[in-house]
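Topology and contacts: notes
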Amino acid sequence: MTYQYKCSVRAADFFRMSMRQTYHSVAGMCNLVFTVAMILLTVKFWERSGDLVQVLLLFACLLFPVVQPIAIYFRAKAQARTLPEDMELGFDDAGLHVRVGGQKEDIPWKRIRVVKQPDMIIVFSDAKHGYMLTNRVMGNEKEAFFAFAEKKIEQER
């Protein structure tokens with residue numbers, strides 16, 4: 001069986017992935033606790049505070065639910081701009097075949113790890129690098145591709 005995809009990742013895809021990673025981690029839980037604590041402190045001390053302290057309290061309340069997602073989105077836009085537009089990913093019994101322009105790289109299944117998320121499958125070629133295959137790109141092949149990839153990875157180990 002072979003699967004062929006034209007890799008098309010948008011800033012919104014990077015944003016969703018980053019937000020999911022942030023808020024499904026210990027750091028995300030700390031952000032949530034900090035935000036709730038700041039809201040409670042703001043409510044308690046709002047009347048007794050001067051203008052500068054009120055501005056700081058308001059900023060602290062908005063830091064993680066508003067400012068951080070905006071910063072993550074701008075980082076996602078920058079990441080999306082760095083990706084080549086003509087990247088093609090092919091999967092077969094030998095592994096992953098990446099084509100960008102005139103260059104080609106073959107990655108065997110023993111080096112690959114796949115992670116399924118609600119809106120994408122991420123194919124990792126090592127601990128830090130991977131390829132995002134969104135539901136939009138894969139269409140109705142998502143489950144079949146994921147089962148195929150897991151089977152090939154399991155066979156290699």
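As a starting point, this report considers the structure included with it. Please read all numbers here as calculations on a predicted model, not as lab measurements.

Points about the overall build of the chain
- Along the backbone of the chain there are 5 helices and 7 strands.
- For the chain, the succession of helices and strands along the chain, N to C, is β-α-α-α-β-β-β-β-β-β-α-α.
- Taking 2.2 N^0.38 as the reference for a compact globule, 157 residues should give roughly 15 Å; the C-alpha atoms of the chain span a radius of gyration of 21 Å, well beyond that estimate.
- C-alpha atoms of the chain, sized along the principal axes, occupy 70 × 30 × 25 Å.

Topic: the pairing of strand β5 (residues 113-117)
- For β5 and strand β6 (residues 120-124), the ladder comprises 5 bridges, and the chain directions are antiparallel. Bridged to R113 within β6 is F124.
- Here β5 folds back onto β6 in antiparallel fashion, the turn holding 2 residues.

Overview of helix α2 (residues 26-45)
- Taking 1.5 Å per residue, 20 residues should reach 28 Å; α2 reaches 28 Å between its end C-alpha atoms and fits that length.
- Against α1 (11-23) and α3 (51-82) lie the buried residues of α2.

Quick notes on the sheet that holds strand β3 (residues 95-100)
- What the 4 strands build is an open sheet, ordered β1-β2-β3-β4; its pairing is antiparallel. Looking along the sheet, the strands with just one partner apiece sit at the ends: β1 (3-6) and β4 (103-108). Geometrically, the sheet is characterised by an average inter-axis angle of 15° between neighbouring strands, direction not taken into account.
- Its contacts with the sheet place helix α5 (residues 142-156) against β1 and β2 (87-92), and it is angled at close to 120° to β1.

Notes on α1
- Helix length check: α1, at 13 residues, gives a terminal C-alpha distance of 18 Å against a target of 18 Å (1.5 Å per residue), a fit within 8%.
- Looking at the packing, one finds that the buried side of α1 touches α2, α3, β5, β6, β7 (130-134) and α4 (135-138).

What to know about the nonpolar core
- Of all hydrophobic cores here, the largest spans 32 residues; its most connected members are L89, F91, L96, V123 and F145.
- Of all the elements in the fold, those that place two or more residues in this core are β1, α1, α3, β2, β3, β6, β7 and α5.
- Setting aside anything within four residues of it in sequence, one finds F145 in contact with Y3, Y5, F91, I121, V123, L133 and M138.

Looking at the packing of aromatic side chains
- All told, the structure shown has 11 aromatic pairs when counted by the stated rule.
- Residues Y3 and F145 carry aromatic rings whose centres are separated by 5.4 Å and whose planes lie at 80° to one another, so their mutual orientation is edge-to-face. Taken as a pair, Y3 in strand β1 and F145 in helix α5 lie far apart in primary sequence, 142 residues in all.
- Take Y3: its relative accessible area is 6%, and that puts it in the buried class.
- Here F34 and F64 contribute two aromatic rings whose centre-to-centre distance is 5.3 Å and whose plane-to-plane angle is 90°, an arrangement assigned as edge-to-face. Of this pair, F34 sits in helix α2 while F64 is found in helix α3, placing the two residues 30 residues apart along the sequence.
- Look at F34 and you get partly exposed, because its relative accessible area is 32%.
- Of the residues examined, F64 reaches a relative accessible area of 18% and is grouped as buried.
- Through a chain of ring-to-ring contacts, the aromatic side chains of Y3, Y5, F91, W109, F145 and F148 assemble into a single cluster.
- K44 extends its terminal NZ or CZ atom over the ring of F45, reaching a point 6.0 Å from the ring centre.

Basis of the calculations
- Residues numbered from 1 in each chain as written.
- Predicted model: local features only at pLDDT ≥ 70, side-chain atom pairs only at ≥ 80, totals over all residues.
- Heavy atoms only, no water.
- Helix = DSSP H or I, 4+ residues; strand = E, 2+ residues; numbered from the N terminus.
- Rg over C-alpha atoms; globule rule 2.2 N^0.38 Å.
- Pairing = 2+ DSSP bridges.
- Expected span 1.5 Å × (residues − 1).
- Contact = heavy atoms within 4.5 Å.
- Axes fitted to C-alpha atoms, helices over the stretch in contact; angles between N-to-C directions.
- Core = buried A, V, L, I, M, F, W, Y, C linked by side-chain atoms within 4.5 Å.
- Buried < 20%, exposed > 50% of the residue type's maximum accessible area, 1.4 Å probe, protein only.
- Phe/Tyr/Trp six-rings, centres within 6.5 Å; stacked < 30°, edge-to-face > 60°.
- Lys NZ or Arg CZ within 6 Å of the ring centre and 35° of its normal.

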